[in-house]
Amino acid sequence: MTTSFFYFRRGITALLLFAVIFIGINTLRCSAQGEAAYPKRSGAATGNNRHEKPAAELKPSNAVKLDKVEVVATGYTAGVESTGKRPGHPQYGITYSGVKVRRDQVSTIAADTKLFPIGTLLYIPDYGYGVVADTGSAIKGKRIDLYFETIKQVYEQWGKRTVDVEVLRIGTGKLSQAWLNQINEAIEVGKPIPQSYLES
């Protein structure tokens, strides 16, 4: 009698253990199916909208914030001290992309095109909007160069800073003078960039 009761208890224990394992596996499977049907919106690529972010992370202009990147930012001019070119040179004031240097609502900046391709639109705290239009021999990795009209402005208004820039739009590798002119006309002072320019 003792032996059979022992086997009976052992059978119940095995049955309970089997039930727990079965329920656990079933729960995991259902959970995985639920996550597949309703993926978490964490900012990673979901569906066809590769740059979708949670609503809490949207800029006030409803522009999608892609990323923040910490960079070392310095300043440059069109002059010989930055470019080696003097007024009168056929390429004076012309960036790598072919557009003219500009300090405006959207200014021209230089960056490493491996990190920020030509046409990438950034928001730089205390400087404003900048579009990657140029490159530089010393501008590698997480460094950017901000355009100023004079050396005096570079030193008095900027110097060298470490800042978190917001990537508003990844460039395609091209930038036109017409687009740069249009975006500068479209932005009012102190206003956000129109959504259409962030999607174009």
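The shown structure was predicted, so the numbers you read here are calculated from the model rather than taken from an experiment.

Peer 1: Quick question: what am I supposed to make of the pattern of salt bridges here?
Peer 2: Working definition: two side chains of opposite charge can pair if their charged atoms are close together. This model, assessed by the stated rule, comprises 2 salt bridges. Among the ionic pairs, Arg102 bridges to Asp104, the shortest N-O distance being 3.0 Å. Residue Asp126 pairs with Arg161 through a salt bridge whose shortest N-O separation is 3.4 Å. In this pair, Asp126 sits in the loop between strand S3 (121-124) and strand S4 (128-134) while Arg161 sits in strand S6 (residues 161-169), placing the two residues 35 residues apart along the sequence.

Peer 1: Is there a simple way to think about the packing of aromatic side chains in this case?
Peer 2: Two aromatic rings, taken as a pair, are described by how far apart their centres are and by the angle between their planes. Tallied over the full model, the rule gives 4 aromatic pairs. An angle of 65 degrees between the planes, with centres 5.3 Å apart, marks the rings of Tyr123 and Tyr129 as edge-to-face. Tyr123 gets classed as partly exposed once you look at its relative accessible area, which sits at 28%. The exposure class of Tyr129 is buried, given its relative accessible area of 11%. Geometrically, the ring pair formed by Tyr127 and Trp158 is edge-to-face, given 6.1 Å between the ring centres and 75 degrees between the ring planes. In this pair, Tyr127 sits in the loop between S3 and S4 while Trp158 sits in helix H3 (residues 151-158), placing the two residues 31 residues apart along the sequence. Across the pair, Trp158 and Tyr127 agree in class, each one buried. By way of ring pairs, the aromatic residues Tyr127, Phe148 and Trp158 are connected into one cluster.

Peer 1: What is the right way to read the environment of Glu185 from this model?
Peer 2: By secondary structure assignment, the location of Glu185 is in helix H4 (residues 177-186). Counting along the chain gives 79 residues from Glu185 to Val106, while the straight-line C-alpha distance between them is 9.7 Å.

Peer 1: Explain the environment of Ile193 here, please?
Peer 2: Inspection of the secondary structure assignment puts Ile193 in the loop between H4 and helix H5 (195-199). Ile193 gets classed as buried once you look at its relative accessible area, which sits at 3%.

Peer 1: I tried to follow the sheet that holds strand S2 (residues 106-111) on my own but got confused; where do I start?
Peer 2: Strand-to-strand pairing in sheets goes through backbone hydrogen bonds, with the strands running parallel or antiparallel. Here we have 6 strands rolled up into a closed barrel, ordered S1-S5-S2-S4-S3-S6, and mixed in their pairing. Pairs of neighbouring strands in the sheet enclose a mean axial angle of 45 degrees, with direction left out of account. Sheet strands in contact with H3 are strand S1 (67-76), S3, strand S5 (143-147) and S6, and its direction is about 135 degrees off that of S1. Packed onto the sheet, H4 meets S2, S3, S4 and S6 and runs at close to 135 degrees relative to S2.

Peer 1: Where do I start with the side chain of Arg169 in this structure?
Peer 2: Note on placement: Arg169 falls in strand S6. Classification of Arg169 by relative accessible area gives buried; the value is 10%. Looking at Arg169, its side chain comes within polar contact range of the main-chain oxygen of Gly119, at 2.9 Å.

So, how was this worked out
Residues numbered from 1 in each chain as written. Predicted model: local features only at pLDDT ≥ 70, side-chain atom pairs only at ≥ 80, totals over all residues. Heavy atoms only, no water. Salt bridge = Lys/Arg side-chain N within 4 Å of Asp/Glu carboxyl O. Helix = DSSP H or I, 4+ residues; strand = E, 2+ residues; numbered from the N terminus. Phe/Tyr/Trp six-rings, centres within 6.5 Å; stacked < 30°, edge-to-face > 60°. Buried < 20%, exposed > 50% of the residue type's maximum accessible area, 1.4 Å probe, protein only. Pairing = 2+ DSSP bridges. Axes fitted to C-alpha atoms, helices over the stretch in contact; angles between N-to-C directions. Contact = heavy atoms within 4.5 Å. Polar contact = N/O pair within 3.5 Å; in protein donor to acceptor, adjacent residues only side chain to side chain.

Distances and angles like these do not, on their own, reveal function.
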